[in-house]
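Structural features, examined
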Amino acid sequence: SVPYECDLKTVRAILLKVAEENPYRLKDDPITVEITDYAESGIKMCVRYYANNDVFWTAVFKTRQDILDIFNENGISIPYNRIDVSHIPQNENSQK
């Protein structure tokens, strides 16, 4: 997923580029890049292309790594849920 603040046209172009440059992709088959969900912490995107069964997982793992690398290069963060916890010390005069 990507943050809601992201330019989705840029994200779509990046995902398309990653898929186009993947050597395991079957070149004559289509690539699709779609929004799959509007989640709590970001917009979920999906990039799909075809690869032969014998290199399927290699293609998936390469795609994931390439997306992470190119997102980092372009300053696109991957959102995640986080909880901030603060400790407030009790006042000496407060009841226990």
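Our subject is the structure that appears above.
This structure is a prediction, so every number in the text was calculated from the model and none was measured.

Counting residues in hydrophobic clusters, the biggest one holds 18 residues, and the most contacted among them are Val 2, Val 11, Leu 15, Met 45, Phe 71 and Ile 76. At the level of elements, helix H1 (8-21), strand S2 (43-48) and helix H2 (56-73) are the ones that each hand at least two residues to this core. Here Leu 15 is in contact with Val 33, Met 45, Val 47, Ile 67 and Phe 71, once residues within four sequence places are set aside.

Relative to the helices and strands, Arg 25 resides in the loop between H1 and strand S1 (32-38). Glu 20 is the oppositely charged side chain nearest to the buried, salt-bridge-free Arg 25, at an N-O distance of 6.3 Å. Of the polar contacts made by the side chain of Arg 25, one reaches the backbone oxygen of Ala 19; its length is 3.1 Å. Not counting chain neighbours up to four residues away, the residues in contact with Arg 25 comprise Ala 19, Glu 20, Ile 31, Tyr 49 and Tyr 50.

About the cut-offs
- Residues numbered from 1 in each chain as written.
- Predicted model: local features only at pLDDT ≥ 70, side-chain atom pairs only at ≥ 80, totals over all residues.
- Heavy atoms only, no water.
- Core = buried A, V, L, I, M, F, W, Y, C linked by side-chain atoms within 4.5 Å.
- Buried < 20%, exposed > 50% of the residue type's maximum accessible area, 1.4 Å probe, protein only.
- Helix = DSSP H or I, 4+ residues; strand = E, 2+ residues; numbered from the N terminus.
- Contact = heavy atoms within 4.5 Å.
- Lys, Arg positive; Asp, Glu negative; His and termini not counted.
- Salt bridge = Lys/Arg side-chain N within 4 Å of Asp/Glu carboxyl O.
- Polar contact = N/O pair within 3.5 Å; in protein donor to acceptor, adjacent residues only side chain to side chain.

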